[in-house]
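These are the residues of each chain, in order.
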Amino acid sequence: MPPGLISRPCLILLSVWLFLGAGRLPANAETRLAWTVGVDDYQHANKLKNGVSATKLIGEYLGAAGFEVDPQYDVDKAGFEQGFDRFLAKSASADLRILYFSGHGVETGGVNYLLPKDAAAGSEAELRATSISLNEWIKRLSQTRAGTDILILDCCRSSPFSESGSGLADVPPVPDHTLLLFAAQPGKVAYDLPLGGARVGEPVSPFTLALVESFSTPHDSLLSLFGEVTRIVMSDTNNQQEPYIKFSGNISSLHRARIYAPRTSPSAPEVSSPWFFPHSRHALLTHEELNPLSAEELWRARNEIFARHGYRFKTEKGRAFASSLDPRFYRPLKDDVQDYEMTPYEVENVALIKQYEDALNAGHTVTPSRPNTGSVWLIPNSSTAQLRPTDLAGLSRDDLWVARNEIFARRGLIFQSDRGKALCRRLGSVYQPVSSDQNLIYDKLNTVEQANVDLIARFELGAGPAASYPMPSSSSSSSMPSGGGAWMFPDSGQRYLTDAELRGLSSSQLRWARNEIYARHGYIFSSDFGKTLTRQLGSDYRPVSRDMSLIESRMNQFERANIEKISRYE
């Protein structure tokens, strides 16, 4: 266990139920229910400090996300079972339902148990009689399921009846349309760094912090939300804790479902923030915010972003800054912070602040302005070059709308709105109407255009891209695909690759082609080659898991065959 990390004997269980009609989620879920349970006051086990407070915090965010929340605190087994039965009866026809538990959890005999406040562990038999079997709970949930179940567990407690092993055990194959998210890999512990502070209003564990921050940031799907949870947890624990995802059945609903609680809605406790800009993690800074700052203030605003990620400062100035920070908000964890560890907004804000620092030191001023492209198009090359967050930084919400919709206009979308019609009139003779069917037009977009539409839409939502990375330097060119963007074979999941396509590729290009299939499904690479690949893929890459078997289980017949074929050529 790294210095400063404290094992947390705590379990958090979140179960999200999504109504599916013929495998599809309604555009707007109508009924959202949540049952939240937190236990601190254990009678026969170590008392906890954060179970109830974490449950209240999660409940506030779920309430802000549109859930009717039924909270319970410090319940015994009878109260636990009564609350569970009540919730099952009430939520049987719900479109979306969440179950959340924060308290002790243990594993014994390969089975995971949730502990109410009166659970006793004098023997294994006594533990089983006074606790809740997770397997049995999942079974009962599946018997009344209306759609998809998503269970999220944060547990680090090893079995009191075994000398070996720690953390929770894996579970048997989960039922169809069920997703399981552990806060840590099976057999691994979860940590309890007192992080959070200004980020969510109070110090919380890395997993609770990641959940709350992900709930309060717009995402286009639950899968992207869970990918963000993984990224935050790994960043905040210096890659010592990695969430684990397991699922079965059709996951298309996970691409459509949403949980979003605006950050300002929950009534988080007031705390004194040590940061100039606590929101620089999830929003682009403005000219009005940066222009009045001195060079010293700009330096601090830029370096506080690295401090939030646990950067261990090496200069005398940096160490003095670090020593001034409240330990609730800053813990030195790492000697370097990579772009891929930061949010897209943090990456852009570091560059933006540096621009203001350099201008001030040179005696200049920074004047924001809309890019002057000398063209009727706001972004003339959005059909031929993959955009980066720097291309969009500083654009207003109206300009972002134009940037996205001019891509559709370029392919002939006939707009129905007055706003769209005005855009077409401004384009003049370069606009050639084709069809009012947006799905048809979207299918006509090339892969670059589709990626740019997705990137711009994320900025419009205020979420930014799922990941954004700088292009590798020229020294990395030997490992890059030749031409056509970041993907060597963008359609390798839809067809069989041919010998003619693979014959003559270099070993690096073949390696790239093989590993991009894994990257497409969110495999988290540990090698430098893999990290270069995911940086180059930018917003097309969504981190999911380091579990190779999980990633391979998601592949289709084309991808499996193509991996085997590429490997032969390598």
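On a predicted model such as this, the values are computed, not experimentally measured, just so you know.

S.K.: Just to check I follow, could you spell out the overall build of the protein chain for this structure?
M.R.: Helices and strands together make up the secondary structure of the protein chain, namely 20 helices and ten strands. About 24100 Å² of surface is accessible on the protein chain, with carbon and sulfur atoms providing 49% of the total.

S.K.: Help me understand the pairing of strand S2 (residues 32–38), please; the structure alone is not making it clear to me.
M.R.: Moving residue by residue along a regular strand, the side chains alternate between the two faces of the sheet. Buried residues dominate S2, accounting for seven of its seven residues. Residue alternation in S2 divides its side chains into two sets, Arg32, Ala34, Thr36 and Gly38 and Leu33, Trp35 and Val37, and both sets are buried. By the bridge criterion, seven bridges tie S2 to strand S4 (residues 96–103) in an arrangement that is parallel. Residue pairing for S4: Val37 is matched across the bridge by Phe101. Of the strand pairs in this sheet, S2 and strand S3 (residues 68–73) are connected by six bridges, and their pairing is parallel. Looking at S3, one finds that Trp35 is bridged to Asp70. For the crossover from S2 across helix H1 (residues 51–64) to S3, the handedness is right-handed.

S.K.: Any chance you could explain the sheet that holds strand S6 (residues 111–114) here in plain terms?
M.R.: Two pairing modes exist for strands in a sheet, parallel and antiparallel, and in both the strands are linked by backbone hydrogen bonds. Reading across from one edge, S5-S6-S7 is the order of the three strands in this open sheet, with antiparallel pairing throughout. Because the sheet does not close on itself, it has two edges, and the strands there are strand S5 (105–108) and strand S7 (132–133).

S.K.: Honestly, the pattern of salt bridges in this entry has me stumped. Any pointers?
M.R.: Pairing is possible between side chains of opposite charge, provided their charged atoms come close. Inspection of every chain in the model, using the stated rule, returns 14 salt bridges. Among the ionic pairs, Arg128 bridges to Glu124, the shortest N-O distance being 3.0 Å. With Arg128 and Glu124 both in helix H3 (residues 124–130), this residue pair falls four residues apart, about one helical turn. Among the residues examined, Glu124 registers a relative accessible area of 27% and is labelled partly exposed. Among the salt bridges present, the one from Glu449 reaches Arg411, with a minimum N-O distance of 3.1 Å. Residue Glu449 is located in helix H15 (residues 447–461), and its partner Arg411 is located in the loop between helix H12 (397–410) and helix H13 (418–427); the two are separated by 38 residues in the primary sequence. Glu449 sits in the buried class, given a relative accessible area of 0%. Arg411 gets classed as partly exposed once you look at its relative accessible area, which sits at 31%.

S.K.: Teacher, can you tell me more about the nonpolar core here?
M.R.: The nonpolar side chains of a soluble globular protein tend to be buried, and buried together. Ranked by size, the top nonpolar core spans 35 residues in total, and within it Phe67, Phe207, Phe215, Phe226, Ile245 and Ile259 carry the most contacts. Those elements giving two or more residues to this core turn out to be H1, S4, strand S8 (147–153), strand S9 (178–182), helix H5 (206–215), helix H6 (222–236) and strand S10 (244–248). Counting 31 residues, the second largest nonpolar core, distinct from the first, contains Val37, Leu88, Leu153 and Phe182.

S.K.: Any chance you could explain the confidence of the model for the protein chain here in plain terms?
M.R.: As a general rule, the predicted coordinates of low-pLDDT regions are not to be interpreted in detail. Put simply, the protein chain has an average pLDDT of 74, and 74% of its residues get 70 or more. Within the protein chain, the element-level pLDDT minimum falls on strand S1 (residues 11–19), averaging 40, and the maximum on helix H9 (residues 316–323), averaging 93. Within the model, pLDDT remains below 50 along residues 369–374, and this stretch shows five contacts once partners closer than five positions in the same chain are excluded.

S.K.: Even after reading the chapter, I still don't get the packing of H1 against H5, so can you show me in this structure?
M.R.: The relative placement of two packed helices comes down to the angle between their axes together with the axis-to-axis distance. At a minimum axis separation of 10 Å, H1 and H5 run at an interaxial angle of 10 degrees. Between H1 and H5, the crossing angle belongs to the class labelled roughly parallel. For the pair H1 and H5, the crossing hand works out as left-handed. Between H1 and H5, the contacting residues are Ala54, Leu57, Ile58, Tyr61 and Leu62 on the first element and Thr208, Leu211, Val212 and Phe215 on the second. Residues of the contact of H1 with H5, tallied by class, amount to eight nonpolar, one polar and no charged.

S.K.: Would you mind going over the packing of aromatic side chains with me for this structure?
M.R.: Think of a pair of aromatic rings as described by two things: how far the centres are apart, and how the planes are tilted against each other in angle. Evaluation of the coordinates by the stated rule reveals 13 aromatic pairs. Ring geometry for Trp299 and Phe321: centres 5.8 Å apart, planes at 75 degrees, overall edge-to-face. Here Phe321 lies in helix H9 and Trp299 lies in helix H8 (residues 295–308), a separation of 22 residues in the sequence. The class for Trp299 is buried, based on a relative accessible area of 14%. Of the aromatic side chains, those joined through ring pairs into one cluster are Trp299, Phe306, Tyr311, Phe313, Phe321 and Tyr330.

S.K.: Can you help me understand the side chain of His521 in this one?
M.R.: Among the secondary structure elements, His521 is positioned in the loop between helix H17 (507–520) and helix H18 (528–537). His521 has contacts with Val544, Ile551, Arg554, Met555 and Glu559, leaving out every residue within four places of it along the chain.

S.K.: What exactly am I supposed to notice about the pairing of S6 here?
M.R.: Judged by which residues are buried, S6 turns out to be covered on both faces: Val111 and Tyr113 on one side and Asn112 and Leu114 on the other are all buried. Between S5 and S6, which pair antiparallel in sequence order, lie two residues; one of them, Gly109, sits at a positive phi of approximately 60 degrees.

S.K.: Can you walk me through the packing of H17 against helix H20 (residues 557–569) in this structure?
M.R.: In the contact formed by H17 and H20, the axes pass within 9 Å of each other and the chain directions differ by 155 degrees. If you check the angle between H17 and H20, you find them roughly antiparallel. Every pair of crossing elements has a handedness; the one defined by H17 and H20 is left-handed. From H17, Leu510, Ala513, Arg514, Ile517, Tyr518 and Arg520 reach across to H20, where they touch Glu559, Asn562, Ile563, Ile566, Ser567 and Tyr569. The residue makeup of the contact of H17 with H20, split by class, is seven nonpolar, two polar and three charged.

S.K.: Sorry, what's going on with the environment of Leu400 here?
M.R.: For Leu400, the location among the structural elements is in helix H12. On the accessibility criterion, Leu400 (5% relative accessible area) is buried. The spacing of Leu400 and Leu378 is 22 residues in sequence and 9.3 Å in space, taken between C-alpha atoms.

S.K.: Would you mind going over unusual backbone geometry with me for this structure?
M.R.: Most peptide bonds are trans, and most residues other than glycine sit at a negative phi. Although it is not a glycine, Asp74 adopts a positive phi angle of roughly 50 degrees. Asp74 sits in the partly exposed class, given a relative accessible area of 27%.

S.K.: Would you mind going over H5 with me for this structure?
M.R.: Among the ten residues in H5, ten count as buried, and that is most of the element. For H5, every residue scored as buried is listed here: Pro206, Phe207, Thr208, Leu209, Ala210, Leu211, Val212, Glu213, Ser214 and Phe215.

S.K.: How do you make sense of the environment of Gln438 when you look at a structure like this?
M.R.: Positionally, Gln438 belongs in helix H14 (residues 438–444). For Gln438, a relative accessible area of 39% corresponds to the partly exposed category. Residues Gln438 and Leu413 lie 25 residues apart in sequence; the distance between their C-alpha atoms is 6.5 Å. Setting aside residues no more than four positions away along its own chain, Gln438 makes contact with Phe408 and Leu413.

S.K.: Is there a simple way to explain the environment of Phe80 in this structure?
M.R.: Within the secondary structure, Phe80 sits in helix H2 (residues 77–90). For Phe80, a relative accessible area of 2% translates into the label buried. Linking Phe80 and Ile132, residues 52 residues apart in sequence, is a C-alpha distance of 8.9 Å. In this structure, Phe80 is in contact with Trp35, Val37, Val75, Phe101, Leu114, Ile132 and Trp137, ignoring residues within four places of it in sequence.

Parameters and conventions
Sequence order as written defines residue numbering, which begins from 1 separately in each chain. Where local features are concerned, this predicted model is filtered to residues with pLDDT of at least 70; where side-chain atom pairs are given and counted, the filter is 80 or more; whole-chain, interface and lining totals use all residues. Side-chain numbers come from the whole structure's heavy atoms, not from hydrogens or water. Only DSSP runs of H or I with at least four residues qualify as helices, and only runs of E with at least two residues qualify as strands; both kinds are numbered from the N terminus onward. Residue burial considers only the protein chains on display, and all accessible areas are found by Shrake-Rupley using a 1.4 Å probe. For each residue, the accessible area found with a 1.4 Å probe, counting protein chains only, is set against the maximum for its type, and the residue is called buried under 20%, exposed over 50%, and partly exposed in between. Strand pairing requires that DSSP identify at least two bridges connecting the strands. Convention used here: a crossover is right-handed provided that the path from the first strand, over the helix, to the second strand proceeds clockwise when the strands point away from the viewer. One speaks of a salt bridge when a side-chain nitrogen belonging to Lys or Arg is within 4 Å of a carboxyl oxygen belonging to Asp or Glu. What we call a nonpolar core is a set of buried Ala, Val, Leu, Ile, Met, Phe, Trp, Tyr and Cys residues that are connected through their side-chain atoms within 4.5 Å. Each residue carries a pLDDT score, the predictor's own confidence in it, on a scale running from 0 to 100. Contacts are assigned to residue pairs that have any heavy atoms within 4.5 Å of one another. Think of each axis as a best-fit line through the C-alpha atoms, taken over the contacting stretch in the case of a helix, with angles from 0 to 180 degrees between the N-to-C directions. Orientation labels follow simple angle bins: below 35 degrees gives roughly parallel, above 145 gives roughly antiparallel, 65 to 115 gives roughly perpendicular, and whatever is left gives oblique. Here a crossing is called left-handed whenever its near helix is offset anticlockwise from the far helix by less than a right angle, and right-handed whenever the offset is clockwise. Three categories are distinguished: nonpolar for Ala, Val, Leu, Ile, Met, Phe, Trp, Tyr, Cys and Pro, charged for Asp, Glu, Lys and Arg, and polar for the others, with Gly belonging to the last. Centres within 6.5 Å are what make two rings of Phe, Tyr or Trp a pair, Trp counting through its six-membered ring; a difference in plane orientation under 30 degrees is then read as stacked, over 60 as edge-to-face, and the rest as tilted.

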